[in-house]
Amino acid sequence: QLGMKDEALGLLHQLRREGKRPNVRTYNVALNVLGDRGAGTLWEAVRLLMLMREDEVEANPTTYNSIIKVCEEYNQGMFFFAFMIRSGIRPSTDSFNSVLRLAVDTAEGDAEQARELMAEMERRGGGGHESKVKT
């Protein structure tokens, strides 16, 4: 996994050095590699999110889902889940599944939190596709 991580991050940084602005798909691929089987750290994911903002690339649910997958603690995942919503991005079913996994699999998560997330997902209509929240 480290080889894929180094390759993905290297390609992203090479594009930026050459003056080419990576798009959301390029960033999401790199973030997904970070979240794949513990290949990356939360700091690396946050750094990519900051680079996206520098490059004026708009994040989408896939962006945040990948960041949540990097999180090792429930509270970290919930922070990015809430940040996604505050940014006007509607959580997808994958978004809810990612934080549910943290609620079940981490020390600070518990069954009550998982039930609350399920209820929230039902209130929101079961998540959705990658779209901005309509205001």
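Values in this document were obtained by computation on a predicted structure and should not be read as measured data.

Next up on the list: the overall build of the chain. A tally of helices and strands in the chain yields seven helices and zero strands. For the chain, the sequential pattern of α-helices and β-strands runs α-α-α-α-α-α-α. A separation of at least 24 residues holds for 66% of the contacts in the chain among residues at least 6 apart in sequence. Of the roughly 7700 Å² of accessible surface on the chain, 51% is carried by carbon and sulfur atoms.

A word on the packing of helix α5 (residues 74–86) against helix α6 (residues 93–105). Packing of α5 against α6 leaves a shortest axis separation of 9 Å and a crossing angle of 160°. Put simply, α5 runs roughly antiparallel to α6. The chirality of how α5 crosses α6 is left-handed. Where α5 abuts α6, its residues Tyr74, Gly77, Met78, Phe81 and Met84 lie against Ser95, Phe96, Val99, Leu102 and Ala103.

Criteria and thresholds
Residues numbered from 1 in each chain as written. Predicted model: local features only at pLDDT ≥ 70, side-chain atom pairs only at ≥ 80, totals over all residues. Heavy atoms only, no water. Helix = DSSP H or I, 4+ residues; strand = E, 2+ residues; numbered from the N terminus. Contact = heavy atoms within 4.5 Å. Areas by Shrake-Rupley, 256 points an atom, 1.4 Å probe, with all protein chains shown as cover. Axes fitted to C-alpha atoms, helices over the stretch in contact; angles between N-to-C directions. Parallel < 35°, antiparallel > 145°, perpendicular 65-115°, else oblique. Left-handed = near helix turned anticlockwise from the far one by under 90°.

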